[in-house]
Amino acid sequence: MLLLALCSWEVAGAPWPVSLLGAFYRAGSFAFGGDAALSPLLLAEAVPRAGSAAALLRARATAQILPGPAAGMAAHLGGASAGPAGALVGWLGLTLPGVLLVHAALPFWATLLGSARAQAVLRGVRAAAAGLLIATTLLLLEAVRSPPERAIALLVLAALNIDPARLPSRLGERFVPPLAMLAGAVLGVPLCLQFTVE
């Protein structure tokens, strides 16, 4: 209901807070799987307000150091488009659908877990989210301009997708993301040296 009300109000010419809330509410309503799954929706809904695909990359990078990266990314993009009030509206718009969904589904949760149909729907949602992630990765690579930057981005992406079961036991699942980010940082240092002040 709230989604339809926000969309209708936007079509009728809503003020900027309602328009921004609607953009993030739509992204929060249709994304399952965290900040990575949100990227394609935010790319379509919030990035035009915040500037460019580079704004989404900055938001994702900033959000990774915060707890709850999806909410941090929404706050960053909302703030980029409308300052501190926009950050609050973006965060609220993204988190509200999930909170409402949890409270609405809680009484039926045990029944849903045992339902074969619900499990089939979730498998379909996971497949759709994987497709959106691949499409977003390709779109965001356009924001990475130089061939060395693209090579580093692809290397880190590949490292993040290594199956931890194939690694030696001392390199468990917990260590793959930090090692991939460290490798990206080390490989990126030579690219940043051109910007140092003499």
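Residues numbered from 1 in each chain as written. Predicted model: local features only at pLDDT ≥ 70, side-chain atom pairs only at ≥ 80, totals over all residues. Heavy atoms only, no water.

## Description of the overall build of the protein chain
Inference 1: Helix and strand content of the protein chain: 10 helices and zero strands.
Inference 2: Helices and strands appear in the protein chain in the N-to-C order α-α-α-α-α-α-α-α-α-α.
Inference 3: For the protein chain, restricting intrachain contacts to residue pairs at least 6 apart in sequence, the fraction spanning at least 24 positions comes to 51%.
Inference 4: When the accessible surface of the protein chain is totalled, it reaches about 12,400 Å², and 72% of it is carbon and sulfur. (Helix = DSSP H or I, 4+ residues; strand = E, 2+ residues; numbered from the N terminus. Contact = heavy atoms within 4.5 Å. Areas by Shrake-Rupley, 256 points an atom, 1.4 Å probe, with all protein chains shown as cover.)

## Concerning a nonpolar patch on the surface
Inference 1: Residues V102, L106, F108, W109, L112 and L113 make up a contiguous nonpolar surface patch of roughly 640 Å² in combined accessible area.
Inference 2: Ranked by the residues each element gives to the nonpolar patch, the list is headed by helix 7 (residues 109–114), at three residues.
Inference 3: Inspection of the secondary structure puts F108 in the loop between helix 6 (69–105) and helix 7. (Patch = residues over 30% accessible without salt bridge, like charges linked within 9 Å, V, L, I, M, F, W, Y side chains within 5 Å. Salt bridge = Lys/Arg side-chain N within 4 Å of Asp/Glu carboxyl O.)

## Regarding the packing of helix 2 (residues 16–30) against helix 6
Inference 1: Where helix 2 meets helix 6, the axes come as close as 7 Å, and the angle between the chain directions of the two elements is 45 degrees. On the basis of the axis angle, helix 2 is oblique to helix 6. For the crossing formed where helix 2 meets helix 6, the hand is right-handed.
Inference 2: Of the residues in the contact of helix 2 with helix 6, the class split is 17 nonpolar, seven polar and no charged. (Axes fitted to C-alpha atoms, helices over the stretch in contact; angles between N-to-C directions. Parallel < 35°, antiparallel > 145°, perpendicular 65-115°, else oblique. Left-handed = near helix turned anticlockwise from the far one by under 90°. Nonpolar A, V, L, I, M, F, W, Y, C, P; charged D, E, K, R; others polar.)

## Quick notes on the nonpolar core
Inference 1: Counting 17 residues, the largest nonpolar core has F24, L38, L42, L56, M73, L77 and L94 as its most contacted members.
Inference 2: When contributions to this core are tallied by element, the ones reaching two or more residues are helix 2, helix 3 (35–45), helix 5 (53–63) and helix 6.
Inference 3: No other element matches helix 6, which puts six residues into this core. (Core = buried A, V, L, I, M, F, W, Y, C linked by side-chain atoms within 4.5 Å. Buried < 20%, exposed > 50% of the residue type's maximum accessible area, 1.4 Å probe, protein only.)

## Notes on helix 6
Inference 1: Between the first and last C-alpha of helix 6 there are merely 24 Å, a value that for 37 residues lags more than 12% behind the 54 Å anticipated at 1.5 Å per step.
Inference 2: At A82, helix 6 shows its maximal bend, which comes to roughly 145 degrees, and the proline P84 appears one to four places after that position. (Expected span 1.5 Å × (residues − 1). Bend = angle between axes of the 7 residues up to and from the residue.)

## Considerations on the confidence of the model for the protein chain
Inference 1: Averaged over every residue, the pLDDT of the protein chain is 75; the share at 70 or more is 75%.
Inference 2: Mean pLDDT across the secondary structure elements of the protein chain bottoms out at helix 4 (residues 47–50), with 68, and peaks at helix 6, with 83. (pLDDT = per-residue confidence, 0-100.)

## A look at helix 2
Inference 1: Between its terminal C-alpha atoms helix 2 stretches 21 Å, which fits the 21 Å expected from 15 residues at 1.5 Å a residue.
Inference 2: Here helix 2 has its buried residues at V18, S19, L20, G22, A23, F24, Y25, R26, A27 and G28.

## Quick notes on the environment of P148
Inference 1: Note that P148 resides in helix 9 (residues 147–160).
Inference 2: As a C-alpha pair, P148 and P190 span 42 residues in sequence and 10.0 Å in three-dimensional space.

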